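So the chains spell out like this:
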Amino acid sequence: SSIKIPEEANAKVSPFQKILLNRCQEEFFREKDDEKLINGKIKQTQEDKTLTNQKRKDELEELYYQRSKLKKKMLGNINFIEELYNLNMISAKIIQMQCINNLIDKKNTRHLNDDSVECLAKLFTVVGSKLEGDASEDDKKKQVFEDSYAQFKS
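In what follows, the accompanying structure is described. (Residues numbered from 1 in each chain as written. Predicted model: local features only at pLDDT ≥ 70, side-chain atom pairs only at ≥ 80, totals over all residues. Heavy atoms only, no water.)

## Considering the overall build of the protein
Within the protein one finds five helices and zero strands. Along the protein, from the amino end to the carboxyl end, the secondary structure elements read α-α-α-α-α. Classification of the 154 residues of the protein by burial places 32% in the buried group. In the protein, of all internal contacts separated by at least 6 residues, the share reaching a separation of at least 24 is 68%. Here the protein displays about 10100 Å² of accessible surface, and carbon together with sulfur accounts for 51% of that area. (Helix = DSSP H or I, 4+ residues; strand = E, 2+ residues; numbered from the N terminus. Buried < 20%, exposed > 50% of the residue type's maximum accessible area, 1.4 Å probe, protein only. Contact = heavy atoms within 4.5 Å. Areas by Shrake-Rupley, 256 points an atom, 1.4 Å probe, with all protein chains shown as cover.)

Here's what the structure looks like:
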């Protein structure tokens, strides 16, 4: 599924904007997969009895470095998504359903890590008031926003 660009009166969405938004979405979900892969490799390396202590240490150091790079990339993508939302290039629904809910789902499945918490905190800090304002006119949207924020805080 691709990002749905908000329909506004006389709004013209360029092919560049569509490509940009779809690329942003692809990166957001690719980062999730990459995170699972790296965490799996870390666990496997920690449990591998055939490795010497030095080899294990070296491999874990490299994996932690890869995870650190992924975190920077995730935060950069979140920054970009926030700016797109603040410029009204993407809708509140995209932020809510594809970003916030995706990150909260990780929390509910007990796979939430510091990176996901940081991304959620950043999202709520930067776009929370605009998101809340956009939702204030619609009771259903307001409830979804309030539920998401409550889940995040718990």
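Continuing now.
## Details of the packing of helix α2 (residues 53–86) against helix α4 (residues 114–135)
Two numbers describe how α2 lies on α4: the axes approach to 10 Å, and their chain directions differ by 5°. Classified by the angle their axes make, α2 and α4 are roughly parallel. Taken together, the residues of α4 that come into contact with α2 (itself represented by R67, K71, M74, L75, I78, N79, E82, Y85 and N86) are D115, E118, C119, K122, L123, V126, V127, K130, L131 and D134. Taken together, the residues of the contact of α2 with α4 sort by class into nine nonpolar, two polar and eight charged. (Axes fitted to C-alpha atoms, helices over the stretch in contact; angles between N-to-C directions. Parallel < 35°, antiparallel > 145°, perpendicular 65-115°, else oblique. Nonpolar A, V, L, I, M, F, W, Y, C, P; charged D, E, K, R; others polar.)

## Focus: the environment of Q66
Checked against the element boundaries, Q66 lands in helix α2. Residue classification places Q66 among the partly exposed positions, given a relative accessible area of 28%.

## Remarks on the side chain of E31
Structurally, E31 is set in helix α1 (residues 15–47). The residues contacting E31, other than those within four sequence positions of it, are L70, K73, M74 and N77.

## A look at the pattern of salt bridges
In this structure the tally under the stated criterion is seven salt bridges. When the shortest N-O distance is used, the salt bridge between K55 and E59 registers 3.6 Å. Of the two residues, K55 and E59 both sit in helix α2, four residues apart, roughly one turn of that helix. A residue is classified by how much of its surface remains accessible, and E59, at 28% relative accessible area, is partly exposed. Of the charged contacts in the structure, one is a salt bridge between K130 and D134, with a shortest N-O distance of 3.5 Å. Highlighted residues: K130 and D134, both in helix α4, separated by four residues, approximately one helical turn. For D134, a relative accessible area of 35% corresponds to the partly exposed category. Linked by salt bridges that have partners in common, R23, E27, R30 and K73 make up one network. (Salt bridge = Lys/Arg side-chain N within 4 Å of Asp/Glu carboxyl O.)

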